[in-house]
Amino acid sequence: MPLLPIIEAPDPRLRVISKPVESVDDDLRKLIADMFETMYAAPGIGLAAIQVGAPKRLLVIDLQEPEEEGGEGVRDPRVFINPEIVEASEELRTYQEGCLSVPDQYADIARADWIVARWIDEKGEAHEQRIDGLLATCLQHEMDHLEGILFIDHLSRLKRDMVLKKLEKAKRLKAA
Ligand code: GNR
Ligand code: NI
């Protein structure tokens, strides 16, 4: 199975609003498998389809970090198709976020502490569940991608521009 190239900011393709998935078929399951492989290899804990150039309302998450003690080889893959937020807590939780499309840049972002989400899985089955902790943070980060939003958009313009400048510089150094 091929690793998919991950699109990086400021690529305008990351700003596209993703379209609902119409049918959960073998083509989609192939994309899901490739997305997991790409996410694990990166490594990352989440990946939205738009980050690999597919503007579909599909994202994958696995919070298990292989480096973590006891986490070696333990996988907890989750698939979210056409996810929606039914309810969100007023209380916020701040977490230092990163993004595979904004490599090596991190910033504290405040999001709802818990959400009630609704989605379809890779078997086409519907779910509605209250989600908290890191999964709530990650799911909100991934759902932002479906709207063309990056975590740096939650920062002040000054901080966002600083991150984008650092990213540009890192790219220049890599190309040289
Ligand atoms: O790997 C990732 N880590 C992460 C850490 C904190 C909050 C969100 C994330 S998601 C990110 C992978 C990614 O870019 N998903 O879109
Ligand atoms: Ni991201």
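Since we're looking at a predicted model, the values are computed, not measured. (Residues numbered from 1 in each chain as written. Chains lettered and ligands numbered in written order. Predicted model: local features only at pLDDT ≥ 70, side-chain atom pairs only at ≥ 80, totals over all residues. Heavy atoms only, no water.)

Asker: Help me understand the overall build of the chain in this model?
Answerer: Helix and strand counts for the chain stand at 3 helices and 7 strands. Taking 16 Å as the expected radius of gyration for a compact globule of 176 residues, we find that the chain reaches 16 Å, a close match to that expectation. Seen through its principal axes, the chain has C-alpha atoms that stretch 45 × 40 × 40 Å. Going through the 176 residues of the chain one by one, you find that 41% of them count as buried. For the chain, contacts bridging at least 24 residues in sequence account for 64% of all contacts bridging at least 6. Approximately 10,000 Å² of the chain is accessible, and the part contributed by carbon and sulfur atoms is 51%. For the chain, the separation between the mean place of its 23 positive charges and that of its 34 negative charges on side chains is 8 Å. (Helix = DSSP H or I, 4+ residues; strand = E, 2+ residues; numbered from the N terminus. Rg over C-alpha atoms; globule rule 2.2 N^0.38 Å. Buried < 20%, exposed > 50% of the residue type's maximum accessible area, 1.4 Å probe, protein only. Contact = heavy atoms within 4.5 Å. Areas by Shrake-Rupley, 256 points an atom, 1.4 Å probe, with all protein chains shown as cover. Lys, Arg positive; Asp, Glu negative; His and termini not counted. Charge placed at Lys NZ, Arg CZ, Asp CG, Glu CD.)

Asker: How should I be thinking about the site of ligand 1 in this particular structure?
Answerer: Taken together, 13 residues sit near ligand 1, with I45, Q51, L100, E142 and H145 positioned nearest. Between G46 and ligand 1, the recorded distance is 3.1 Å, taken from a backbone N or O atom to a nitrogen atom. Interatomic distance of 2.8 Å between a side-chain N/O atom of H145 and an oxygen atom of ligand 1. Relative to its unbound accessible surface of 380 Å², ligand 1 loses 91% to contact with the protein. In this structure the site holding ligand 1 corresponds to the largest pocket. At 5 residues, the largest contribution of residues to the shell around ligand 1 is made by strand 4 (residues 92-99). Class assignment of the residues belonging to the shell around ligand 1 gives a composition of 4 nonpolar, 7 polar and 2 charged. (Near = heavy atom within 4 Å. Polar contact = N/O pair within 3.5 Å; in protein donor to acceptor, adjacent residues only side chain to side chain. 1 Å grid on protein atoms, 1.4 Å probe; cavity = no way out; pocket = protein on both sides within 12 Å on 5 of 7 lines; lining within 4 Å. Sits in = over half its atoms within 2 Å of the grid points. Nonpolar A, V, L, I, M, F, W, Y, C, P; charged D, E, K, R; others polar.)

Asker: What's the story with the pairing of strand 6 (residues 114-120) in this structure? I'm lost.
Answerer: The side chains of a regular strand alternate, residue by residue, between the two faces of the sheet. Of all the 7 residues making up strand 6, 5 are buried; the element is thus mostly covered by neighbouring parts of the structure. As judged from the 5 bridges shared by strand 3 (residues 78-88) and strand 6, these two strands associate in the antiparallel manner. What sits directly across from E84, in strand 6, is R118. Hairpin geometry of strand 6 and strand 7 (residues 126-132) is characterised by an intervening segment of 5 residues between the two adjacent antiparallel strands and by a positive phi of about 90 degrees at G124. (Pairing = 2+ DSSP bridges.)

Asker: Where do I start with the coordination of the nickel ion (ligand 2) in this structure?
Answerer: Under ideal tetrahedral coordination, the four donors around a metal are separated by 109.5 degrees; under ideal octahedral coordination, the six donors are separated by 90 or 180 degrees. In this structure, C99 (SG), H141 (NE2) and H145 (NE2) serve as the protein donors to the nickel ion (ligand 2), at separations of 2.1 to 2.3 Å. Ordering the donors of the nickel ion (ligand 2) by residue number gives the pattern C-x41-H-x3-H. Of this pair, H141 and H145 both sit in helix 2 (residues 133-146), 4 residues apart, roughly one helical turn. For the pair H141 and H145, one class covers both residues: buried. (Donors = N, O, S within 2.8 Å, 3.2 Å for Na, K, Ca; no water.)

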